[in-house]
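For reference, the chains in residue letters:
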Amino acid sequence: GENVEQHPSTLSVQEGDSAVIKCTYSDSASNYFPWYKQELGKGPQLIIDIRSNVGEKKDQRIAVTLNKTAKHFSLHITETQPEDSAVYFCAASIVSNFGNEKLTFGTGTRLTIIP
Amino acid sequence: SAVISQKPSRDICQRGTSLTIQCQVDSQVTMMFWYRQQPGQSLTLIATANQGSEATYESGFVIDKFPISRPNLTFSTLTVSNMSPEDSSIYLCSAARTTWGYNEQFFGPGTRLTVL
């Protein structure tokens, strides 16, 4: 089955600086890669995703890049703000003709923005 | 996105009892899932809730312990049966909606369960 590794487990950055979280996956058939943000006491929130037919996707201050050859993808947050502090999870899945197979999640990164 | 609500939001239960968690989605979705998340840990898929048929369970999870129902396209329940302290966890409902051939998956707020 799919295995997703995520690094780092914790990350502290100064407000205004950039943060990068990296994930690697094992199954070359995986073709859908979402990122979730989980704040304390809440469920995970989908913040951005990328399909395997593109290499990069941006949405305001967040961006995700995908390297299919190396089987890794990354989340980039620029101009970080205190409200970006949360736990971030990457995930991978294979989209079949019947819809997504299950998501396999990374172990999470606790991001702390230092004012 | 889909808005997902769960009831109860939290509960404290005695060993040996059962708790049923309800999940309601504000619109029809293609798939619904149940996850477990230990504090500070990642998400572990318990099962896929199939409408009108038996749920599909992941390795390590069985129907007798975690019976699941999904009577329609917007509602599902998860029962945690014969609870022990090891069942203390956050239980998350998830729903997937097809967008351009991909199922974007959204999560409910979770149910925090403590078993004494």
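Since we're looking at a predicted model, the values are computed, not measured. (Residues numbered from 1 in each chain as written. Chains lettered and ligands numbered in written order. Predicted model: local features only at pLDDT ≥ 70, side-chain atom pairs only at ≥ 80, totals over all residues. Heavy atoms only, no water.)

How do you make sense of the overall build of chain B when you look at a structure like this?
Broken down by element type, chain B carries 0 helices and 11 strands. Overall, chain B shows an N-to-C arrangement of helices and strands of β-β-β-β-β-β-β-β-β-β-β. Its C-alpha atoms give chain B a radius of gyration of 14 Å, near enough to 13 Å, the size a compact globule of 116 residues would have. Overall, the C-alpha framework of chain B stretches about 45 × 30 × 25 Å when taken along its three principal axes. Out of the 116 residues in chain B, the part that is buried amounts to 53%. Partitioning the contacts of chain B with sequence separation of at least 6, the portion at a separation of at least 24 is 55%. Counting only carbon and sulfur atoms, one obtains 50% of the accessible surface of chain B, whose full area is about 5,500 Å². For chain B, the distance from the average position of its 8 positive side-chain charges to the average position of its 8 negative side-chain charges is 7 Å. (Helix = DSSP H or I, 4+ residues; strand = E, 2+ residues; numbered from the N terminus. Rg over C-alpha atoms; globule rule 2.2 N^0.38 Å. Buried < 20%, exposed > 50% of the residue type's maximum accessible area, 1.4 Å probe, protein only. Contact = heavy atoms within 4.5 Å. Areas by Shrake-Rupley, 256 points an atom, 1.4 Å probe, with all protein chains shown as cover. Lys, Arg positive; Asp, Glu negative; His and termini not counted. Charge placed at Lys NZ, Arg CZ, Asp CG, Glu CD.)

So what exactly am I meant to see when it comes to the packing of aromatic side chains here?
Each aromatic ring pair is described using two quantities: the centre-to-centre distance and the angle formed by the ring planes. Considering all chains together, one arrives at 12 aromatic pairs over all chains under this definition. Measuring from ring centre to ring centre gives 6.4 Å for B:Phe33 and B:Tyr35, while their planes differ by 55°; the resulting arrangement is tilted. Overall, B:Tyr35 belongs to the buried group, its relative accessible area being 1%. An aromatic cluster is defined as three or more aromatic residues linked by ring pairs; in this entry it consists of A:Tyr36, A:Phe105, B:Phe33, B:Tyr35 and B:Phe107. (Phe/Tyr/Trp six-rings, centres within 6.5 Å; stacked < 30°, edge-to-face > 60°.)

Explain the state of the cysteines here, please?
The tally for this structure, following the rule as stated, stands at 2 disulfides over all chains. Between the sulfur atoms of A:Cys23 and its disulfide partner A:Cys90 the distance amounts to 2.0 Å. On the S-S bond that ties A:Cys23 to A:Cys90, the torsion sits near -100°, and the link is left-handed. A residue pair is termed long-range when its members are at least 10 positions apart, and A:Cys23 in strand β3 (residues 19–25) and A:Cys90 in strand β9 (residues 86–92) qualify at 67 residues. Through a disulfide, B:Cys23 is tied to B:Cys93; the S-S separation comes to 1.9 Å. The disulfide joining B:Cys23 to B:Cys93 has a torsion of about -70° about its S-S bond and is therefore left-handed. (Disulfide = S-S within 2.5 Å.)

How should unusual backbone geometry be read in this particular structure?
Phi is mostly negative for residues that are not glycine, and the peptide bonds are mostly trans. Residue and element names in this part refer to chain A. Note that the residue after His 7, namely Pro 8, is joined by a cis bond; omega there is -5°. In this structure, Lys 71 takes a positive phi of about 60° despite not being glycine. Even without being glycine, Glu 79 reaches a positive phi, approximately 45°. Tracing the backbone through its elements, the reader meets Glu 79 in the loop between β8 (72–77) and β9.

Please explain the nonpolar core as it appears in this structure.
One recurring pattern in soluble globular proteins is that nonpolar side chains are buried together. With 45 residues, the main nonpolar core has A:Phe105, B:Trp34 and B:Tyr35 as its most contacted residues. No other element matches strand β9 (residues 89–99) of chain B, which puts 6 residues into this core. In contact with B:Tyr35, other than residues within four places in its own chain, are A:Leu103, A:Phe105, B:Leu43, B:Thr44, B:Leu45, B:Ile46, B:Ile90, B:Tyr91, B:Leu92, B:Ser94, B:Gln105 and B:Phe107. A:Val13, A:Cys23, A:Ile48 and A:Tyr88 belong to the second-largest nonpolar core, a separate cluster that totals 24 residues. (Core = buried A, V, L, I, M, F, W, Y, C linked by side-chain atoms within 4.5 Å.)

Sorry, what's going on with the interface of chain B and chain A here?
Interfaces are frequently sized by the accessible area removed from exposure as the parts join. Taken together, the contact pairs 19 residues of chain B with 20 residues of chain A. For the chain B and chain A pair, buried surface summed over both sides reaches about 1,600 Å², with 55% attributable to carbon and sulfur atoms. Applying the counting criterion to the chain B and chain A interface returns 1 salt bridge. Here B:Glu58 ties to A:Lys102 by a salt bridge, and the two come within 2.5 Å at their closest N and O atoms. Applying the counting criterion to the chain B and chain A interface returns 4 residue pairs in polar contact (both at pLDDT 80 or more). Those elements giving two or more residues to the side of chain B that touches chain A turn out to be β4 (31–37), β5 (43–49), β9 and β10 (102–107) of chain B. Looking at the side of chain B that touches chain A element by element, the count peaks at 6 residues for β10(B). (Buried area = accessible area lost by both parts, 1.4 Å probe. Salt bridge = Lys/Arg side-chain N within 4 Å of Asp/Glu carboxyl O. Polar contact = N/O pair within 3.5 Å; in protein donor to acceptor, adjacent residues only side chain to side chain.)

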